[in-house]
Amino acid sequence: MLLASSKLACAATPLLRAQRTASTRLALLTASSWTRAQAAPLQNDQRRGVSSSGTRPCLGLGSLPSAPSTRAGLHQHATSSSTPSMSATEREECSARLSVPTRSVSTQSTPVTVQAPVQPQAAKKTENDAFNVDHLLHLKEADQAWLQKLYDGILQQDRSALARGITLVESWRRDHRRVAQNLLDRILDVLHDRWSHVQSLGSRAVSTVTLKNNQTTTTLPTPFRIGLSGPPGAGKSTFIETFGMFLVNQGLRVAVLAVDPSSSVSGGSILGDKTRMTELSRNDAAYVRPSPSRGSLGGVTRNTSDAIVLCEGSGYDVIIIETVGVGQSETAVADMVDLFTLIVPPGGGDELQGIKKGIVELADFVIVNKADGDLLPAARKAKSEYTSAMKLLRPRTASWTPEIAMLSSLDSTGLADAWKLMLQFYDSQMKGGEFFLKRSQQRKRLMWKHVSDGILERFQAHPEVSRVIAGAEQQVMQGLVAPGLAADELLDRFR
Ligand SMILES: Nc1nc2c(ncn2[C@@H]2O[C@H](COP(=O)(O)OP(=O)(O)OP(=O)(O)O)[C@@H](O)[C@H]2O)c(=O)[nH]1
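All of these numbers come straight from a predicted model, not from anything done at the bench. Starting from 1, residues in each chain are numbered consecutively following that chain's sequence as written. Whole-chain, interface and lining totals are the exception, using all residues; otherwise, since this is a predicted model, local features are given only for residues with pLDDT of at least 70 and side-chain atom pairs are given and counted only at 80 or more. Excluding hydrogens and water, the side-chain figures rest on all heavy atoms present in the structure.

A. Just the overall build of the chain, in detail. Numbering of helices and strands runs from the N terminus, with a helix taken as a DSSP run of H or I at least four residues long and a strand as a DSSP run of E at least two residues long. Helix and strand counts for the chain come out as 21 helices and 11 strands. For every residue, the accessible area obtained with a 1.4 Å probe (protein chains only) is divided by the maximum for its type, and the residue is called buried under 20%, exposed over 50%, and partly exposed between those limits. For the chain, the proportion of its 495 residues judged to be buried stands at 49%. Sequence-distant contacts in the chain: of pairs separated by 6 or more residues, those separated by 24 or more amount to 77%. Calculation of accessible area relied on Shrake-Rupley with a 1.4 Å probe; when residues are assessed, cover is drawn exclusively from the protein chains displayed. Of the roughly 23,600 Å² that the chain leaves accessible, carbon and sulfur atoms contribute 56%. Whether two residues touch is decided by their heavy atoms; if any such pair falls within 4.5 Å, the residues are in contact.

Here you go:
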């Protein structure tokens, strides 16, 4: 059922948020209770957002309608009480369904319960009226064609389209940003439908591991974002290569992204200049993306969050985000993933001192790597030290206490046990309802990050401010003017 639903979702029209509630509700009407006779009038008009099978029409891959008109059109069709082709009884039936808080839903034959949005329709409409992004979604014809190509390619799991999409979201050009935001908005729409379906499964949305022909395969109801950090030399790249291949052999598609603030300074890149991960990057089921070599940490992390969305749109099941253990990058990565993993070399004491305490506190999972050969006793010792240390920390979520695994990336031992623990985390978050809650909070924080970065950028570029910034900084640094007073003067100039 999950497979079928994700296929349907893949082909779904990218409905926009303004009409999403109503149209999604329509789209989710049960196959069992939504009879052929009731569905018939809607079949005549695909723009209502419901196909003959009770799902959204398959416009997504074929055509990408201009956003504002679609948004308006769909909203009208989904909510209007004067739809001409509906009889009065059908309209009543339809509006009754739209206002029911939970319902039985089927994408195939098994009904499942869907939690409808909490807001009543009227409140939702007012909220949508007050906040509308339609005007930002207008694109020139050429850009529209560009967007369509990228969108289709990404959904069709074309790696080069994904790479171009990520390059686009990394672009600093204002006109590129507009297209990038459109692309993200469309992909997010497709993902939103998939997430809604998974959420509708409630505590049944868990990973499944099956044994077939002596080989295990894992199925995940929704992509799993795993952050990975650790001190230099801990074995991050070696681990990603081995673990990535392990996941691919489990039937999963794996994407690897990187956040590397040091590359902004040095021009290097933690993945880009490496010839490591060769096997993984050559595998068709994997995508390895070097970190952007330009940009501030803020910019790089924002771009990575966007890249994650595109990777999910492109059907990757596990997205690994690597970061080096320096600066603020761990905090940034921890705020864009489901599971934040710390990888450490064997030994404690000196090695552990190299790791900031803060990173350990962020970790949901610790991997002691290099548990092989002569290093095995040291790895065991490190594991027990981490186990004791982590006990003293407050758990980050109610349903999970951080776990410690021991493995060898070089010998590929202990990977299955580590993956089992990661899946336990995934399932605990799904069952406890924290999985999607955490993601929605992450998205909210990301919006505010965009806002604060944007304000600072505009502030610094303001002619009245930019003219005096250097002087203000100099006087503050020399202790001639109080920092607060200087800030007041700068802010006064920003009108
Ligand atoms: N014995 C042993 N050595 C390992 C293992 N994993 C990695 N190494 C070695 O540790 C060294 C560092 O590994 P990398 O994968 O480059 O480590 P990294 O954390 O990516 O390093 P940076 O790029 O410096 O941050 C290499 O020489 C690896 O061969 C392991 O499981 N066992």
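From this point, the discussion proceeds with the structure in view.
B. Highlighting the domain arrangement of the chain. Splitting the chain by domain gives domain 1 (2–120 + 132–200), domain 2 (211–434) and domain 3 (458–495). Facing the 23 residues of domain 1 at the interface are 28 residues of domain 2. As a working definition, buried area equals the accessible area (1.4 Å probe) given up by two parts on being put together, with both sides summed. Regarding the contact of domain 1 and domain 2, the summed buried area is about 2,100 Å², with carbon and sulfur atoms giving 61% of it. Every case where a carboxyl oxygen of Asp or Glu lies within 4 Å of a side-chain nitrogen of Lys or Arg is listed as a salt bridge. Connecting domain 1 to domain 2 are two salt bridges. Two residues, arginine 159 and aspartate 284, come together in a salt bridge whose shortest N-O distance is 3.6 Å. Whenever two N or O atoms come within 3.5 Å, that pair is a polar contact, provided that in protein one can donate a hydrogen and the other can accept it, and provided that, for residues adjacent in sequence, both atoms are side-chain atoms. Across the domain 1-domain 2 interface, the total number found is seven residue pairs in polar contact (both at pLDDT 80 or more). Only α7 (141–155), α8 (159–170) and α9 (174–200) provide two or more residues apiece to the side of domain 1 that touches domain 2. Residues of the side of domain 1 that touches domain 2, tallied by class, amount to 15 nonpolar, three polar and five charged. An automatic or database domain assignment supplies the residue ranges for each domain. Lys, Arg, Asp and Glu make up the charged group, whereas Ala, Val, Leu, Ile, Met, Phe, Trp, Tyr, Cys and Pro make up the nonpolar group; the residues left over, Gly among them, are polar.

C. Representation of the pattern of salt bridges within the structure. Tallying each qualifying case throughout the model produces 12 salt bridges. Across the pair aspartate 338 and arginine 439 runs a salt bridge, and its minimum N-O distance is 2.8 Å. With aspartate 338 in the loop between α14 (329–334) and β9 (339–344) and arginine 439 in helix α19 (residues 434–461), this pair connects stretches of sequence that are 101 residues apart. For the pair shown, aspartate 338 and arginine 439 are each scored as buried. Bridged by salt links that share partners, the residues Arg225, Glu312, Asp338 and Arg439 form one connected network.

D. Summary view of the nonpolar core. If you look at the biggest cluster of nonpolar residues, it comprises 93 residues, and the most contacted ones within it are Phe239, Phe243, Trp419 and Met422. For this core, the element with the most residues is α9, which contributes 10 residues. Split by domain, the residues of this core number at least three in each of domain 1 (2–120 + 132–200) and domain 2 (211–434). Apart from residues no more than four positions distant in its own chain, phenylalanine 239 is found in contact with Leu228, Gly244, Ile343, Ile367, Leu407, Ser409, Leu415 and Met422. The term nonpolar core refers to a set of buried residues drawn from Ala, Val, Leu, Ile, Met, Phe, Trp, Tyr and Cys, joined through side-chain atoms within 4.5 Å.

E. How the structure looks around unusual backbone geometry. One non-glycine residue, glutamine 157, adopts positive backbone phi at about 65°. With relative accessibility at 37%, the residue glutamine 157 sits in the partly exposed group. One non-glycine residue with positive phi stands out, namely lysine 370, at about 65°.

F. Spotlight on helix α10 (residues 236–249). How far a helix is expected to stretch is found by multiplying one less than its residue total by 1.5 Å. With 14 residues, α10 extends 20 Å from end C-alpha to end C-alpha; this agrees with the ideal 20 Å at 1.5 Å per step. For α10, the set of buried residues is Lys236, Ser237, Phe239, Ile240, Glu241, Thr242, Phe243, Gly244, Met245, Phe246, Leu247 and Val248.

G. Main features of the packing of aromatic side chains. Pairing of aromatic side chains requires ring centres within 6.5 Å, counting the rings of Phe and Tyr and the six-membered ring of Trp. Pairs whose planes differ by under 30 degrees are stacked, by over 60 edge-to-face, and all others tilted. Overall, the coordinates contain 10 aromatic pairs when judged by the stated rule. With 5.9 Å between their ring centres and 70° between their planes, phenylalanine 243 and tryptophan 419 make a pair best called edge-to-face. Note that phenylalanine 243 is positioned in helix α10 and tryptophan 419 in helix α18 (residues 415–431), a separation of 176 residues in sequence. Tryptophan 419 shares its class with phenylalanine 243; the two are buried. Arranged with centres 5.3 Å apart and planes meeting at 70°, the rings of tyrosine 426 and phenylalanine 435 form a pair that is edge-to-face. On the basis of relative accessible area, phenylalanine 435 is assigned to the buried category, the value being 3%. One aromatic cluster is present, built from ring pairs that chain together Phe224, Phe239, Phe243, Phe246, Trp419, Tyr426, Phe435 and Phe436. We call a charge positioned above a ring when the Lys NZ or Arg CZ atom is no farther than 6 Å from the ring centre and deviates by at most 35 degrees from the ring normal. Here arginine 253 stacks its cationic end above the ring of tyrosine 316, 4.1 Å away from the centre of that ring.

H. Highlighting the side chain of threonine 341. Within the fold, threonine 341 resides in strand β9. Judged by relative accessible area, which is 0%, threonine 341 ranks as buried. Other than its neighbours up to four places away in sequence, threonine 341 contacts Ile226, Gly227, Leu228, Ser229, Phe365 and Ile367.

I. Broad picture of the packing of α7 against α9. In this analysis, axes come from line fits to C-alpha atoms, helices being fitted only over the stretch in contact, and the angle between any two N-to-C directions falls in the range 0 to 180 degrees. Two numbers describe how α7 lies on α9: the axes approach to 10 Å, and their chain directions differ by 40°. Between α7 and α9 the crossing geometry is right-handed. Seen from α7, the contacting residues are Asp143, Gln144, Trp146, Leu147, Leu150, Tyr151, Ile154 and Leu155; seen from α9, they are His176, Val179, Asn182, Leu183, Arg186, Ile187, Val190 and Arg194. Whether a crossing is left-handed or right-handed is set by the direction in which the near helix is turned from the far one by less than a right angle, anticlockwise for left-handed and clockwise for right-handed.

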